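Structural description and commentary
Spelled out from the first residue to the last, the chains are:
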Amino acid sequence: MTKIATAPIGRFDEALLKKLSSEHSAEQQLWLSGFLYGLATAGQPEAVLAPTQQAQVQAPKVQLLYGSQTGNSKKVAQKAAALIGEQGWDVTVTDLADYAAKNLKTAQIALFVVSTQGEGTPPTAAESFYEWLHSARAPKLPDLQFAVCSLGDSSYLKFCQTGKDFDARLEALGANRMAPRVDCDLEYEEAADQWAATVVSRLKTVAGAQPVAVLKEQLSTPAYVAGFNRKNPYHAPVLEKVRLNGRGSAKETYHIELGLEGSGLVYEPGDSLGILAQNSDRLVEQVLAAAKFSGTEQVEFDGKATNLASLLKTQKELSVLNRNVLEQYAEQSGHENLKAITTDHERLKKYLWGRNAGDLLREFPSTLTPQQLTDTLRNIAPRLYSIASSLAAHPDEVHLTVSALRYEFGRTTREGLASTFLADRIEVGDSAQVFIERNEYFKLPADDSADIIMVGPGTGVAPFRAFVEERNELRDSGSAKQGRNWLFFGNPNFTTDFLYQREWLQYLKTGALDRLDVAFSRDQPEKIYVQHRLLEKGRQLFERIENGAYCYVCGDKNRMAADVQQAFLQIIARESGKGEAFAAEYLSNLKKQRRYLEDVY
Ligand SMILES: Cc1cc2nc3c(=O)[nH]c(=O)nc-3n(C[C@H](O)[C@H](O)[C@H](O)COP(=O)(O)OP(=O)(O)OC[C@H]3O[C@@H](n4cnc5c(N)ncnc54)[C@H](O)[C@@H]3O)c2cc1C
Ligand SMILES: Cc1cc2nc3c(=O)[nH]c(=O)nc-3n(C[C@H](O)[C@H](O)[C@H](O)COP(=O)(O)O)c2cc1C
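Residues numbered from 1 in each chain as written. Chains lettered and ligands numbered in written order. Predicted model: local features only at pLDDT ≥ 70, side-chain atom pairs only at ≥ 80, totals over all residues.

Turning our eyes to something else, we now look at the overall build of the protein. The secondary structure content of the protein amounts to 22 helices and 21 strands. Here the protein holds 601 residues, and the buried ones make up 39% of them. (Helix = DSSP H or I, 4+ residues; strand = E, 2+ residues; numbered from the N terminus. Buried ≥ 20, exposed ≤ 12 C-beta atoms within 10 Å, placed from the backbone.)

What follows is the structure, given as structure tokens:
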């Protein structure tokens, strides 16, 4: 063995090299040299194969594509890519918003991670790709191997619909499913990890080649924030609770402040707070009465014995039902009428709207044991609330703007679980179980000098209080040129429903808020909403957008979000003078650039 006197770097480990050379055959040494060369050149345009692999078939690239609204699918895609990369495959992760769809025709392995939004629609960033894939322009894909991981929430009727659509369409285009689709519910980590593991185990077979041992730095597993989360929530003390609507208002909105001191929890404006709520005693009693149980029955939950009443109160979803619960209940109780409802989408949708577990048990009397009943009911799902504060303005605190959900059903008043938990069942001094739900995209522009346009009627104003507070703190700290902040707010009446009025007026005075336009729908005979105010200010809005402004829309997804989007389209068409088709393309580009962002519910 030649002494290594001319090593290119100073502190070469001679002993290690001797060991490697004496303990390995010439062939192994050759392979190692190629492997190390491959490592050293990773990230350079042409990946270099190890010598033994050069003789083999070139391993195909693995393309991971994600479509994500709040960042969950992106996390899953990055984690899967890290795993695939660790096995030596050359893998690239791309946002569907940035993917040139035509490249799919030549791709060999494409893995999709997509969430579902709205009522079964794709995330905004994946809309264009989705449309293209489902259009007549999509090519046949006989050479493509694919797998889909879909993220969703089983409380929605169209559970994981976008993932299902991708999966079915790719198959219809002739692509080969290399691993079964996995539909992940809100707690998606475990199922997504399993999907990634299955995909990795199938790669060698479908690729017909060995991986190329290319390790890429950018593929490191994202650090999942340790500490408190959905499964291990923080008990945050209630510091303040104020009703924001004046007397006589039809609305019931609360400003709630919670303490985070010592929790280590941090957030950014645009993130949400998850709340794990408990049912009211009244609802528990109604459900027990409908099931003809006393509540003292012993049942087992999570391996522990507990009494039925307390389990229903603290663990079980009673205020809402979903498809799974109805299907299971219909199966167990043998009610044929209920089975028929579960198989008819429209009837199911109608049945679910407004009904709670008590209704189900009354309308379809139960023959279930207490244990069967609790096993059939779903565990309480957390509800999300947009964070209405900036940590820079309120260290160790998180603020929310919560509208209490109460509605009439039949002859009774019904209550939403979490909103009335916050409104009625916790007071200053109590605590709420919380976690931070990050929204990677609904964020202030990275460039502080960019203008922002915020449309937030009702509780939709919450994240914009956080945005303006954050930008105000930046101003106070003397940061360089600041972008202008323009808010559109709406609610029924000026005198009772102008949420955070004093703060906005103060911000207008100091300049933290550059413009404020309000729409109080019921203060005049004709209804005026935020979209009408947008249209009135079309010229100035278009100028700002042309100048690089970011547009944010938050609040009601059923009507408001669509009406506001329509208003933006009209403004772009009118002010550009280029018509509707141009406006559609323009808005679609804004979305792709993430300059038109929605956080709607
Ligand atoms: C990202 C995000 C951010 C959010 N931010 C906020 C926020 O800042 N502020 C806020 O107040 N909310 C916000 N929400 C909504 C919030 O998460 C809850 O959905 C809302 O408070 C209702 O939850 P609940 O537990 O009180 O009602 P649930 O117990 O979940 O009851 C809802 C059910 O009630 C029934 N129902 C509702 N209205 C009617 C009606 N009129 N007639 C008949 N039946 C009806 C339906 O069956 C519905 O499914 C946000 C949601 C998301 C996803
Ligand atoms: C407004 C809204 C609508 C949603 N609609 C659906 C739906 O129709 N079907 C579904 O399975 N999940 C639905 N979800 C749940 C999301 O798909 C789920 O939270 C997912 O983890 C989000 O992943 P992302 O951050 O990658 O977008 C919805 C969530 C929100 C906030």
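This is not the end of the story, as more comes after the structure.
With that settled, consider the packing of helix H4 (residues 72-86) against helix H7 (residues 189-207). It is the contact of H4 with H7, at a shortest axis distance of 10 Å, that shows an interaxial angle of 35°. Here H4 runs over H7; the crossing is right-handed. Between H4 and H7, the contacting residues are Val76, Lys79, Ala80, Leu83 and Ile84 on the first element and Ala192, Ala196, Val199 and Val200 on the second. A class-by-class count of the residues in the contact of H4 with H7 yields eight nonpolar, no polar and one charged. (Axes fitted to C-alpha atoms, helices over the stretch in contact; angles between N-to-C directions. Left-handed = near helix turned anticlockwise from the far one by under 90°. Contact = placed C-beta atoms within 7 Å. Nonpolar A, V, L, I, M, F, W, Y, C, P; charged D, E, K, R; others polar.)

Looking now at the nonpolar core. Grouped burial of nonpolar side chains is what soluble globular proteins tend to show. Counting 74 residues, the largest nonpolar core has Met454 and Tyr552 as its most contacted members. When residues of this core are assigned to domains, at least three map to each of domain 3 (234-278 + 382-437) and domain 5 (452-600). With sequence-adjacent residues up to four places away left out, Tyr552 is seen in contact with Ile452, Ile453, Met454, Val455 and Leu597. (Core = buried A, V, L, I, M, F, W, Y, C linked by C-beta atoms within 7 Å. Domains from an automatic or database assignment.)

We now examine the sheet that holds strand E7 (residues 234-243). Read from one edge to the other, the open sheet built from six strands follows the order E12-E9-E16-E7-E8-E13, with strand pairing classed as antiparallel. For this open sheet the edge positions go to strand E12 (383-386) and strand E13 (397-403), each flanked by a neighbour on one side alone. Strand-to-strand twist across the sheet, computed as the mean angle between neighbouring axes with direction ignored, equals 40°. As paired elements, E7 and strand E8 (residues 253-259) share five bridges and run antiparallel to each other. Each bridged residue has a counterpart across the sheet, and for Arg243 the counterpart in E8 is Tyr254. (Pairing = 2+ DSSP bridges.)

This part takes up the site of ligand 1. With respect to spatial proximity, 24 residues lie near ligand 1, and among them Ser319, Gly354, Gly416, Ser419 and Tyr601 are the closest. Here the shell around ligand 1 is composed, by residue class, of 12 nonpolar, 10 polar and two charged. (Near = placed C-beta within 6 Å.)

Moving on, we get to the site of ligand 2. The environment of ligand 2 is made up of 25 residues, and the closest members are Ser68, Gln69, Ser73, Ser115 and Gly152. Grouping the constituent residues of the shell around ligand 2 by class yields eight nonpolar, 13 polar and four charged.

The subject of this paragraph is the sheet that holds strand E17 (residues 452-455). Taking strand neighbours across the sheet as the criterion, the five strands line up as E19-E18-E17-E20-E21 in an open arrangement whose pairing is parallel. Each having just a single partner strand, strand E19 (515-520) and strand E21 (596-600) make up the two edges of the open sheet. Each adjacent strand pair in this sheet contributes to an overall mean axis angle of 10°, direction not counted. Of the pairings in the sheet, the one linking E17 to strand E18 (residues 485-491) comprises four bridges and is parallel in character. Across the sheet, residue Met454 finds its bridge partner in E18, namely Leu487. Helix H21 (residues 560-576) rests against E17, strand E20 (550-555) and E21 of the sheet, and its axis sits at about 155° to E20.

On average, residues of the protein score 90 in pLDDT, and 88% of them reach the 70 mark or higher. Low confidence marks residues 37-55, where pLDDT is under 50. Its contacts with residues over four positions away, or in another chain, come to 32 contacts. (pLDDT = per-residue confidence, 0-100.)

Before going further, it helps to examine helix H20 (residues 538-546). For H20, the set of buried residues is Leu541, Arg544 and Ile545. Take H20 and look down its axis: the buried residues cluster within an arc of 100°, on one side only. Those residues of H20 that are exposed and aimed more than 90 degrees away from the buried face are Arg539, Glu543 and Glu546. Next to the buried residues of H20 lie E17, helix H19 (530-536), E20 and H21. (Arc of directions from axis to C-beta.)

Before going further, it helps to examine unusual backbone geometry. Not every positive phi belongs to a glycine, and Asp302 is a case in point at roughly 55°. Secondary-structure assignment places Asp302 in the loop between strand E10 (298-301) and strand E11 (304-307). Residues other than glycine seldom take positive phi values, yet Asp396 does so here, at roughly 65°. In this structure, Asp396 sits in the loop between E12 and E13.

Turning to the environment of Lys316, a few remarks are in order. Structurally, the position occupied by Lys316 is in the loop between helix H9 (308-315) and helix H10 (323-333). By C-beta crowding, Lys316 is classed as buried, having 20 other C-beta atoms within 10 Å. Along the backbone, Lys316 and Ala357 are 41 residues apart, and their C-alpha atoms lie at a distance of 9.8 Å. Those residues in contact with Lys316 that lie beyond four places of it in its chain are Leu311, Thr374, Leu377, Asn379 and Ile380.

With respect to the helices and strands, Pro445 occurs in the loop between strand E16 (431-437) and E17. Distance from Pro445 to Ala549, taken between C-alpha atoms, is 9.1 Å for residues 104 residues apart in sequence. If we ignore the near neighbours within four places in the chain, the residues touching Pro445 are Ala450, Ile452, Gly483 and Tyr550.

Moving on, we come to the pairing of E17. Residue alternation in E17 divides its side chains into two sets, Ile452 and Met454 and Ile453 and Val455, and both sets are buried. As defined by bridge partners, E17 adjoins E20 across four bridges and the pair is classed as parallel. What sits directly across from Ile452, in E20, is Tyr550.

Take the pairing of E21 next. Along E21, four of the five residues are buried, which leaves the element largely enclosed by surrounding structure. The pairing of E20 with E21 spans five bridges and is parallel. Bridging across to E21, Cys554 finds its partner in Asp599.

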